[in-house]
Amino acid sequence: MTNIESLQQQIIDAFNMRHATKVFDDSKVIAEAQFTTILEAARLSPSSFGFEPYQLLVVQSPQKRELFRDFTWGANGAFNDTSGQLGTASHFVIFLAHTQVNMQHNSDYLQTFLKDVKQLPDDVIAFFNQAYQKFQEHDFKVTTDRQITDWCGKQAYIALANMMTTAALMGIDSCPIEGFEQDKTIAVLEEHFAIDPALYKPAVMAAFGYRVQDPPRGKTRRTMAQLVTWY
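Residues numbered from 1 in each chain as written. Predicted model: local features only at pLDDT ≥ 70, side-chain atom pairs only at ≥ 80, totals over all residues. Heavy atoms only, no water.

Q: Can you explain the packing of helix α6 (residues 108–117) against helix α7 (residues 122–139)? Please cite residues and give values.
A: At a minimum axis separation of 10 Å, α6 and α7 run at an interaxial angle of 135 degrees. Relative to α7, α6 is oriented oblique. Note that α6 runs across α7; the crossing there is right-handed. Of the residues in α7, those touching α6 at L110, Q111, L114 and K115 are I125, F128, N129 and Y132. Grouping the amino acids of the contact of α6 with α7 by side-chain chemistry returns 5 nonpolar, 2 polar and 1 charged. (Axes fitted to C-alpha atoms, helices over the stretch in contact; angles between N-to-C directions. Helix = DSSP H or I, 4+ residues; strand = E, 2+ residues; numbered from the N terminus. Parallel < 35°, antiparallel > 145°, perpendicular 65-115°, else oblique. Left-handed = near helix turned anticlockwise from the far one by under 90°. Contact = heavy atoms within 4.5 Å. Nonpolar A, V, L, I, M, F, W, Y, C, P; charged D, E, K, R; others polar.)

Q: Which residues make up the side chain of H19, and what values go with them?
A: Relative to the assigned elements, H19 resides in the loop between α1 (3–17) and α2 (32–43). Not counting chain neighbours up to four residues away, the residues in contact with H19 comprise D173, S174, R211, Q213, P215 and K219.

Q: Describe in detail the pattern of salt bridges, supporting the description with residues and values.
A: Applying the stated criterion across every chain, the model contains 7 salt bridges. Across the pair R43 and E40 runs a salt bridge whose closest N-O atoms are separated by 2.6 Å. One end of the pair, R43, and the other, E40, are both in helix α2, 3 residues apart, so they sit about a helical turn from each other. Classification of E40 as partly exposed rests on a relative accessible area of 30%. (Salt bridge = Lys/Arg side-chain N within 4 Å of Asp/Glu carboxyl O. Buried < 20%, exposed > 50% of the residue type's maximum accessible area, 1.4 Å probe, protein only.)

Q: Lay out the side chain of Q136 in plain terms, naming residues and giving numbers.
A: With respect to the helices and strands, Q136 occurs in helix α7. Look at Q136 and you get buried, because its relative accessible area is 1%. One polar contact links the side chain of Q136 to the main-chain amide nitrogen of H105, over a distance of 3.0 Å. Non-local contacts of Q136, meaning those with residues more than four positions away in its chain, are made with M103, Q104, H105, K141, V142, T143 and I148. (Polar contact = N/O pair within 3.5 Å; in protein donor to acceptor, adjacent residues only side chain to side chain.)

Q: Go over the environment of G171 with me, naming the residues and quoting the values.
A: Tracing the sequence through the fold places G171 in the loop between α8 (145–169) and β3 (173–177). Residues within four places of G171 in sequence aside, it is in contact with M17 and Y210.

Q: An account of the sheet that holds β3 is needed here, citing residue identities and associated values.
A: One open sheet accounts for 4 strands, arranged β1-β2-β4-β3; its pairing is antiparallel. For this open sheet the edge positions go to β1 (54–58) and β3, each flanked by a neighbour on one side alone. With strand direction ignored, the average angle separating the axes of adjacent strands in the sheet is 25 degrees. The sheet contact formed by strand β2 (residues 91–98) and strand β4 (residues 200–209) spans 8 bridges and is antiparallel. The residue bridging L96 from the neighbouring strand is P202, located in β4. (Pairing = 2+ DSSP bridges.)

Q: Go over the nonpolar core with me, naming the residues and quoting the values.
A: F68, F92, I94, L189, F193 and M205 are the most contacted members of the largest nonpolar core, which has 20 residues in total. Of all the secondary-structure elements, those providing two or more residues to this core are β2, β3, α9 (182–193) and β4. Residues contacting F92, with those up to four places away along its chain left out, are L57, V58, V59, Q60, R65, L86, I177, M205, A206 and A207. Counting 18 residues, the second largest nonpolar core, distinct from the first, contains F95, L160, M164 and F208. (Core = buried A, V, L, I, M, F, W, Y, C linked by side-chain atoms within 4.5 Å.)

Q: Run through the packing of aromatic side chains, naming residues and quoting values.
A: Where two aromatic rings form a pair, the distance of their centres and the angle of their planes describe that pair. This model, assessed by the stated rule, comprises 14 aromatic pairs. For the pair F51 and F113, a centre-to-centre distance of 6.1 Å together with 85 degrees between the ring planes defines the contact as edge-to-face. Taken together, the positions of F51 in the loop between α2 and β1 and F113 in helix α6 put the pair 62 residues apart, joining distant regions of the chain. Of the two residues, F51 and F113, both sit in the buried class. Between F68 and F71, the ring centres sit 6.3 Å apart and the planes meet at 70 degrees, which makes this aromatic pair edge-to-face. Per residue, the accessibility class of F68 equals that of F71, and both read buried. Feature note: the residues F49, F51, Y109, F113, F128, Y132, F135, F140 and W151 constitute an aromatic cluster, connected by ring pairs. (Phe/Tyr/Trp six-rings, centres within 6.5 Å; stacked < 30°, edge-to-face > 60°.)

Now the structure itself:
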């Protein structure tokens, strides 16, 4: 087996191993260096225009996690299903999407981002502003606060996918979580985490750790022929 073939097999094995883990082994903690690698996968992830329109909130305090229990549930829709995840995951992450305040074209935030993070000269910044305005107003018609926040959430999902894949390649389990009540989550984030809802809204959550047991059956997916059309 060649090096490329070995790598291909490692990738497929990791995806077959990965599943939406509902309960983790709370006696096992992800090593700091490994979780730093998972976070680095998010940091290095691509995003539209390279704007990175999201923040990651890692909630490790058991008391802080408990604040979300009554209105957070698992991907299968069973109420309180994440009680196991909240209480047993080694690491619990909340992805915060930027809102219109930060991500409207020509916003103060973006001007600072393009200058300080991207380190672009003024003429290139002017080009970015023009292109991004066209994208928002004409190409994708992303102009309202809800539309812009949802678009930022889409970018966060790219980072989330890369985090879960990186974790799987290291034998670490994960579970993406969309099942939570937005309004109550926003209220908790504002009161207990000092997250300004005018600037950030929760997009998705994710739990990381080590499974208690294997799933009862393997993956069920459409065939490649059902999924992919070639022209």
